[in-house]
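The chain contents come next:
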Amino acid sequence: AALTLHVKDCLGTGQPEFEPSAVRIYPNPATDILRLEATGAGDDWHVGIFDLHGKELIRKTVREEILVKDLGQGVYFLRLSTNKGGMVHQQKLIKQ
């Protein structure tokens, strides 16, 4: 059985988002370390990694990388914001 979900309208968070080209999160898929690069984000980023049910598994303030080696293999969602609480970026993360 397949599930198809159609999203017509989405409510935003009211926070400006990073331009996709301004954020680089690699490697993805990741094994041990995830590296973060973002133009104009300042020195530190607030990172949240969530499972498919929306449960926050990791919450850290980092500069360039975050350890993901303790996560099990699977698909997660990563949320990145500046140290001032603005400029949100979200993307899918695959952990090998």
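One structure accompanies this document, and this report is about it. (Residues numbered from 1 in each chain as written. Predicted model: local features only at pLDDT ≥ 70, side-chain atom pairs only at ≥ 80, totals over all residues. Heavy atoms only, no water.)

Examining the sheet that holds strand S6 (residues 74–82)
Phase 1 of the analysis: Ordered by their spatial adjacency, four strands build an open sheet running S4-S3-S6-S7, and the pairing between neighbours is antiparallel. Each edge of the open sheet carries a strand with a single partner, namely strand S4 (56–62) and strand S7 (89–95). Strand-to-strand twist across the sheet, computed as the mean angle between neighbouring axes with direction ignored, equals 25°.
Phase 2 of the analysis: The sheet contact formed by strand S3 (residues 45–50) and S6 spans six bridges and is antiparallel. (Pairing = 2+ DSSP bridges. Helix = DSSP H or I, 4+ residues; strand = E, 2+ residues; numbered from the N terminus. Axes fitted to C-alpha atoms, helices over the stretch in contact; angles between N-to-C directions.)

Quick notes on the pairing of S4
Phase 1 of the analysis: Pairing of S3 with S4 involves six bridges; the strand directions are antiparallel. Directly across from Phe50, in S4, lies its bridge partner Glu56.
Phase 2 of the analysis: In sequence, S3 turns back onto S4 through a hairpin of five residues, with Gly54 there showing a positive phi of about 90°.

Some words on the side chain of His89
Phase 1 of the analysis: You can see His89 is positioned in strand S7.
Phase 2 of the analysis: By relative accessible area, which is 11% here, His89 ends up buried.
Phase 3 of the analysis: Side chain to side chain, His89 and Gln91 meet in a polar contact 3.0 Å long. (Buried < 20%, exposed > 50% of the residue type's maximum accessible area, 1.4 Å probe, protein only. Polar contact = N/O pair within 3.5 Å; in protein donor to acceptor, adjacent residues only side chain to side chain.)

Side note on the sheet that holds strand S1 (residues 23–26)
Sheet strands line up and pair through hydrogen bonds in the backbone, either parallel or antiparallel.
Phase 1 of the analysis: Strand order in the open sheet formed by three strands is S1-S2-S5, with antiparallel pairing between adjacent strands. Strands at the two margins of the open sheet, each flanked by one partner only, are S1 and strand S5 (65–67). Pairwise comparison of adjacent strand axes, ignoring direction, gives a mean angle of 15° for this sheet.
Phase 2 of the analysis: Bridge analysis of S1 against strand S2 (residues 33–38) gives four bridges, and the strand direction is antiparallel. Bridged to Arg24 within S2 is Glu37.

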